[in-house]
Amino acid sequence: MSQLEWKNKTAVVEFILLGFGNDYKLHSLLFLIFLSIYIVTITGNISIIVLVMANRHFHTPMYFFIGNLSCLEICYSTNILPRMLLSYLGEDRSISFSGCFTQYYFFGCLAAAECYLLAVMSYDRYLAVCRPLHYPVYMNGKLCLQLAAAAWISGFLSNSILTFLISNLDFCGPNEIEHFFCDSFPIIKLSCSDTYVAGLATSVVAVICSLPPFLLTFLSYLSIIFVVMRIPSATGRKKAFSTCSSHLIVVILFYWSILTVYVFPHYNTQISLNKIFSAFYTILTPLVNPLIYSLRNKEVKEALQKQASKLLYFRDLLS
């Protein structure tokens, strides 16, 4: 829908993102914090993508999915953080009607895609640990491409209906969104038309996109833990369990925050808590995922050290 058509339907032509408060004294500090998070997130995820593509040793299903996750996290962070940084830098919190729904569309698509991709990654680890003899047969190159494509396509299709429903609501004012990005329920609250269908559809889609992938992910890692506990070596058990537990913590935080915000919206009366829950899956998860899934891996550390040594060597030659 064009911006002209939106203007004909509603009196609101732009929204104001209130962010994390009206205390302008804190804006400089918040800008530095979120800028640092964004730089680390982008640098870490790009490093992983380059490493996976450049090193043939990492041309395996696990690292293929990790590369996809890193690409998703880059898009995820870039969709939200730069706009928020501009608001703290220039004090302009306004976002156009079309820009707001564009941000919401890509946010919802990427969030759903991440749910599916985490489930795919957990299934890959389940086959590798619990079915090692069948793993090369089941997890072949064709299946990897199909699973990754299914995760991305399903994510981008899932939010199309919601974006259409919410964007066709009537907005008569006020136009202040009590959030740091354009999200469904804060936008719906500003509508002056009947929002029952849009709110119900948001909760239903959230359940479909998050609950089944969460159950598959949780059961996969639970099976992995049971297998790990049977390892005779205490050192081996500790090492394997440490990796699985780290993954589980990130997954539980990600899904718990999403389910809390979207599946049970009527019980979330405190807006500030919703912002904190939202920060878990929009800001912290893209920052932590590279550390959990890759940088704690010994092979990745060694590869990064080799690449760093090569860069230093070429730098010395040029100097």
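What you see is a predicted model; the values in this text were computed from it and never measured.

K.L.:
Honestly, the overall build of the protein in this entry has me stumped. Any pointers?
P.N.:
What the protein contains, in helices and strands, is twelve helices and three strands. Counting the 319 residues in the protein, one finds 47% classified as buried. By sequence separation, contacts in the protein at least 24 residues apart represent 79% of the contacts at least 6 residues apart. Roughly 16300 Å² of accessible area belongs to the protein as shown, and the carbon and sulfur atoms make up 68% of that amount.

K.L.:
Could you clarify how one ought to interpret the state of the cysteines in this entry?
P.N.:
Two cysteines form a disulfide when their sulfur atoms are joined by a covalent bond. One pass over the full model with this rule turns up two disulfides. A disulfide bridge connects Cys100 with Cys182, and the sulfur atoms are separated by 2.1 Å. Taking the torsion about the sulfur-sulfur bond, which here is approximately -125°, the covalent link between Cys100 and Cys182 counts as left-handed. Of the two residues, Cys100 is situated in helix α4 (residues 97–130) and Cys182 in the loop between β3 (176–177) and α8 (184–188); the sequence distance between them amounts to 82 residues. Across the pair, exposure class does not vary: Cys100 and Cys182 are buried alike. A sulfur-sulfur separation of 2.1 Å characterises the disulfide bridge that pairs Cys172 with Cys192. Note on the Cys172 and Cys192 pair: the S-S dihedral is about 55°, so by sign convention the disulfide is right-handed.

K.L.:
Mind showing me how you'd approach the side chain of Gln103 here?
P.N.:
Tracing the sequence through the fold places Gln103 in helix α4. For Gln103, a relative accessible area of 5% gives the class buried. Polar side-chain contacts of Gln103 include one of 2.9 Å to the backbone nitrogen of Cys182.

K.L.:
It is not clear to me how the packing of aromatic side chains should be interpreted in this structure. Could you clarify?
P.N.:
The description of two aromatic rings rests on the distance between their centres and on the angle between their planes. The final tally for this structure, using the stated rule, is 23 aromatic pairs. Centre to centre, the rings of Trp152 and Phe156 are 6.4 Å apart; their planes meet at 20°, and the pair counts as stacked. On the criterion of helical spacing, the pair formed by Trp152 and Phe156 is a turn pair, its members being four residues apart in helix α6 (residues 141–158). Put simply, the rings of Tyr76, Phe107, Phe180, Phe181 and Tyr281 touch in pairs and so form one group of aromatic residues.

K.L.:
Teacher, can you tell me more about the nonpolar core here?
P.N.:
General note: in soluble globular proteins, nonpolar side chains tend to be found buried as a group. Counting 77 residues, the largest nonpolar core has Phe15, Phe34, Phe107, Phe171 and Tyr262 as its most contacted members. Here this core takes 15 residues from α4, the largest share from any one element. Every residue in contact with Phe107, bar those within four places of it in the chain, is listed here: Tyr76, Asn79, Ile80, Phe181, Asp183, Tyr262, Tyr281 and Thr282. Residues Tyr221, Ile224, Ile225 and Leu248 belong to the second largest nonpolar core, which totals six residues.

K.L.:
Is there a simple way to explain the confidence of the model for the protein in this structure?
P.N.:
Segments scoring low in pLDDT should not have their predicted coordinates read at a detailed level. When pLDDT is averaged across the protein, the result is 82; 82% of the residues are at 70 or more. Across residues 1–8 the pLDDT falls below 50, and counting only partners more than four positions away or on other chains, this stretch makes nine contacts in the model.

K.L.:
Looking at this model, I keep getting lost on the UniProt feature "transmembrane region" (unreviewed entry) in the protein. Mind explaining?
P.N.:
Within the UniProt annotation, "transmembrane region" (unreviewed entry) is assigned to residues 29–51, 63–84, 104–123, 143–166, 204–228, 240–264 and 276–295. The span residues 143–166 carries 96% helix and 0% strand; its end-to-end C-alpha distance comes to 35 Å. In the segment residues 204–228, helix accounts for 100% and strand for 0%; the C-alpha atoms at its two ends are 36 Å apart.

What counts, and at which threshold
Once a new chain begins, its residue numbering starts again from 1 and follows that chain's sequence as written. Only residues with pLDDT of 70 or above have their local features reported here, since the model is predicted, and side-chain atom pairs are shown and tallied only from 80 upward, although totals for entire chains, interfaces and linings are computed over all residues. In computing side-chain properties, one takes all heavy atoms of the structure into account and sets aside hydrogens as well as water. Only DSSP runs of H or I covering at least 4 residues are called helices, and only runs of E covering at least 2 are called strands; the numbering of each starts at the N terminus. A 1.4 Å probe rolled over the protein chains alone gives each residue an accessible area, and that area as a share of the maximum for its type sets the label: buried under 20%, exposed over 50%, partly exposed in between. Residue contacts are defined here by distance: any two heavy atoms, one from each residue, within 4.5 Å place the two residues in contact. Every accessible area reported is derived by Shrake-Rupley at a probe size of 1.4 Å, with residue values counting cover from the shown protein chains alone. For the purposes of this analysis, a disulfide is any pair of cysteine sulfur atoms at a distance within 2.5 Å. For this analysis, a polar contact is any N or O atom pair within 3.5 Å, provided that within protein one partner can donate a hydrogen and the other can accept it, and provided that sequence-adjacent residues contribute only side-chain to side-chain pairs. In this scheme Phe, Tyr and Trp rings, the latter by its six-membered ring, pair at centre separations within 6.5 Å, and the angle between planes marks the pair as stacked below 30 degrees, edge-to-face above 60, and tilted otherwise. Only buried residues count toward a nonpolar core. Its members are Ala, Val, Leu, Ile, Met, Phe, Trp, Tyr and Cys residues joined through side-chain atoms within 4.5 Å. Known as pLDDT, the predictor's confidence for each residue is given on a scale from 0 to 100. UniProt positions are given in the numbering used here, feature names are shortened, and annotations may be inferred rather than shown by experiment.

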